[in-house]
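Summary of structural features
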Amino acid sequence: MDFNRICYNCMKEKDRADGICPHCGFDNSRYRWQENELPPLTPLNGKYLVGRALGAGGFGITYIALDLNLQVTVAIKELYLSRISVRERDTNISVSSRDRECFEDNKKRFLQEARVLAMFNEGDNEGIVNVKEYFEENNTAYIVMEYLDGTTLRNKVKQQTFTFEETKKIMEPICHALTKIHQFGVVHLDVSPDNIMMLNDGSAKLLDFGGARSLYTDDDADFICYKVGYAPPEQYSGHEQGPWTDIYALCAVMYHGITGQRPMRSVRRAEHDDLRLPSQLGIPIAPQIEEKKGLSIRKENRYQSIGMMMQDLGC
């Protein structure tokens, strides 16, 4: 294989190094990567070749990549804490001495959550992206995952809203996935339409566990990140978090799918809650379904487990 002929977008080999990819229509010459990203065709762990960046958040950057041994496309998540990480010219990541402890704590947790996710690789959980392996390189950590061909729920909702029944069907595998994650004492803390991938076969998978944390550790060096509209008040304040935190986010995602609108910021709702119910927006829905129990501002008024929520929703 001639690496110079690999398309950065689909990781397939082209007939020639220049020109548009005949497989996906991508033009490598027009691609400009950010200075914080790995350049295309960067090798990793002696067997992966990086392509373009698929997305980035507060905790990391995800790339499409080629597994050179198996000749299959994968996705690789790189731990990159946006506020403190710096990409050096040799592709290594550096942080200042004052931020070193924070970075190392987050790297340790990043790899620990990868180990938890790797436990679900035997096909027993359709709602979580499968982890193939994880490793350390370039002074940071990487998680290799299955590559998912599809689009995010956020992009889907831009095209169309869903009925409650359609939304429930989309979210069921996500709920089952989080139920199992919670059983291991881990909360996701970043459930949002951006982190739910809608596959071409209509199924959905939950992505990006870079912000997940264990409930069994007392870590004061957490690198806090949240999505406006999907994070409950305790996530802003750092107060006790648990399954109820992910439940707020799940219900906010369902609200978004049904109404096409992102819920208002929870800290604003805490001051004056004028969140409009779907029925107030002219959307037909059963009164018992649209109760705000999942979106309660006070965590003790929320469902305490996803199982309780799914039972009420008829899942």
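This text goes with the structure placed above it.
The numbering scheme is per chain: residues are counted from 1 as the chain's sequence reads. Two thresholds apply to this predicted model, a pLDDT of at least 70 for residue-level local features and 80 or more for giving and counting side-chain atom pairs, whereas whole-chain, interface and lining totals are computed over all residues. Side-chain measures here rest on the full set of heavy atoms in the structure, leaving out hydrogens and waters.

Here we come to the pairing of strand 3 (residues 60-67). Relative accessible area decides the class of each residue, using a 1.4 Å probe on protein chains only: under 20% of the type maximum gives buried, over 50% gives exposed, and in between gives partly exposed. Secondary structure follows DSSP: runs of H or I at least 4 residues long count as helices, runs of E at least 2 residues long count as strands, and numbering of each begins at the N terminus. Judged by how many residues are buried, strand 3 sits mostly within the fold: eight of eight residues are covered. The two faces of strand 3 match: Gly60, Thr62, Ile64 and Leu66 on one face and Ile61, Tyr63, Ala65 and Asp67 on the other face are all buried. DSSP calls a pair of strands paired once it identifies at least 2 bridges connecting them. Where strand 2 (residues 48-56) lies against strand 3, six bridges are found, and the strand directions are antiparallel. Bridging from a neighbouring strand, Val50 pairs with Ala65 of strand 3. The loop that links strand 2 with its antiparallel partner strand 3 comprises three residues. Two elements, strand 3 and strand 4 (residues 72-79), share eight bridges in a ladder whose sense is antiparallel.

Below, the discussion takes up the nonpolar core. If you look at soluble globular proteins, the nonpolar side chains tend to sit buried side by side. Nine residue types can take part in a nonpolar core, namely buried Ala, Val, Leu, Ile, Met, Phe, Trp, Tyr and Cys, and a core is a set of them joined through side-chain atoms within 4.5 Å. With 85 residues, the main nonpolar core has Leu250 and Met309 as its most contacted residues. Per-element accounting of this core gives the leading share, 10 residues, to helix 5 (residues 243-259). The contact criterion used throughout is that any non-hydrogen atoms of two residues lie within 4.5 Å. Leaving out residues up to four positions away in the same chain, Leu250 has contacts with Met171, Ile174, Cys175, Leu178, Val191, Ile306 and Met309. Counting five residues, the second largest nonpolar core, distinct from the first, contains Ile6, Met11, Ile64 and Leu66.

In this section: the packing of helix 3 (residues 164-183) against helix 7 (residues 306-313). Axis geometry follows a simple rule: fit a line to the C-alpha atoms, using only the stretch in contact for helices, then measure angles between N-to-C directions, giving values from 0 to 180 degrees. Packing of helix 3 against helix 7 brings their axes to within 10 Å, and their N-to-C directions diverge by 160°. By the angle class used here, helix 3 and helix 7 are roughly antiparallel. In this structure, helix 3 crosses over helix 7, and the sense of that crossing is left-handed. Here Phe164, Lys168, Glu172, Cys175, His176, Leu178, Thr179 and His182 of helix 3 come into contact with helix 7, specifically with Ile306, Met309, Met310 and Leu313. We call Asp, Glu, Lys and Arg charged. Ala, Val, Leu, Ile, Met, Phe, Trp, Tyr, Cys and Pro are nonpolar, and the rest, Gly among them, are polar. Broken down by class, the residue content of the contact of helix 3 with helix 7 amounts to seven nonpolar, three polar and two charged. Every angle not falling under 35 degrees, over 145, or within 65 to 115 is termed oblique; those three ranges are roughly parallel, roughly antiparallel and roughly perpendicular. Crossings are classed by handedness, with left-handed meaning an anticlockwise turn of the near helix from the far one by less than a right angle and right-handed meaning a clockwise turn.

Our next topic: the packing of helix 5 against helix 7. Interhelical geometry of helix 5 versus helix 7 gives an angle of 30° and a closest axis separation of 10 Å. Taken together, the axis directions place helix 5 and helix 7 in an arrangement best described as roughly parallel. Classified by chirality, the crossing of helix 7 by helix 5 is right-handed. Residues Ile247, Leu250, Cys251 and Met254 of helix 5 touch helix 7, and the partners they reach there are Ile306, Met309 and Leu313. Taken together, the residues of the contact of helix 5 with helix 7 break down into seven nonpolar, no polar and no charged.

The next thing to look at is helix 1 (residues 100-118). Helix span, as expected, comes to 1.5 Å for every residue beyond the first. With 19 residues, helix 1 should cover 27 Å at 1.5 Å per step; its first-to-last C-alpha distance of 27 Å lies within 8% of that length. For helix 1, the complete set of buried residues consists of Cys102, Phe103, Asn106, Lys107, Arg109, Phe110, Leu111, Glu113, Ala114, Val116 and Leu117.

A separate point is the sheet that holds strand 11 (residues 196-199). One open sheet holds the three strands; their spatial order is 9-11-12, and the pairing between them is antiparallel. What marks the edges here is a single partner per strand, and that holds for strand 9 (150-152) and strand 12 (204-206). Between one strand and the next, the sheet's axes are offset by a mean angle of 30°, whatever the strand orientation. Across three bridges, the pairing between strand 9 and strand 11 is antiparallel. Within strand 11, the residue paired with Gly150 across the bridge is Leu199.

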